[in-house]
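Structure assessment
Chain by chain, the residues run as shown.
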Amino acid sequence: MEKLSIQEEEALQAVWQFGAGFIKDFMEVMAVPKPPYTTLASTIKNLEKKGFLKSEKFANAYRYSAKVKEAEYKKRFMSGFVNDYFQNSYKELVAFFAKDKKITAEELKEIINLIENPKA
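Let me sum up the structure you'll find in this document. The structure displayed is predicted, hence computed values, not measured ones.

1. Looking at unusual backbone geometry
Between Val32 and the following residue, Pro33, the backbone shows a cis peptide bond with an omega angle of 0°. Among the secondary structure elements, Pro33 is positioned in the loop between α2 (23–29) and α3 (37–49). A positive phi angle, close to 55°, is found at Ala59, a residue other than glycine. Turning to its location among the elements, Ala59 is positioned in the loop between β1 (53–58) and β2 (61–66). Here Ala59 falls in the exposed class, since its relative accessible area comes to 69%. Phi is positive for Lys101, close to 55°, though the residue is something other than glycine. Position of Lys101 among the secondary structure elements: in the loop between α5 (90–99) and α6 (105–116).

Structure, rendered in structure tokens:
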């Protein structure tokens, strides 16, 4: 699975947020400043070509839905991110945020609790 551009990720997030819908639907849930309609339409078409979305034709319009689940994309993206920037070490990732004071001791305790008591 390839890494998407920021513009593609924002469009895909809109699809995940809205669910199956048309370009105008995704436009409604996008953050301000919203892209032009034609730009979003092109981005959505590219995501379909790349295999992230599927479409169904309704009269003269297409309804798009996600082909790739959000959790699956996040998992693959994060694995690549940790591999590329933290020598494939999640410990290094957490240490980076701890040193930069982006994570609190309380949050670390919550993470430890999640590791020790995973929810099924």
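2. Considerations on the packing of helix α1 (residues 6–18) against α3
Geometry of a packed helix pair, given as the angle between the helix axes and the separation of the axes. Interaxial distance between α1 and α3 falls to 10 Å at its minimum, and their mutual angle equals 85°. The angle between α1 and α3 places the two elements in the roughly perpendicular class. Contact with α1, carried on its side by Gln7, Glu8, Ala11, Leu12 and Val15, involves Thr39, Leu40, Thr43, Ile44, Asn46 and Leu47 of α3 and no other residues of that element. Class assignment for the residues of the contact of α1 with α3 results in six nonpolar, four polar and one charged.

The rules behind these values
Residues numbered from 1 in each chain as written. Predicted model: local features only at pLDDT ≥ 70, side-chain atom pairs only at ≥ 80, totals over all residues. Heavy atoms only, no water. Helix = DSSP H or I, 4+ residues; strand = E, 2+ residues; numbered from the N terminus. Buried < 20%, exposed > 50% of the residue type's maximum accessible area, 1.4 Å probe, protein only. Axes fitted to C-alpha atoms, helices over the stretch in contact; angles between N-to-C directions. Parallel < 35°, antiparallel > 145°, perpendicular 65-115°, else oblique. Contact = heavy atoms within 4.5 Å. Nonpolar A, V, L, I, M, F, W, Y, C, P; charged D, E, K, R; others polar.

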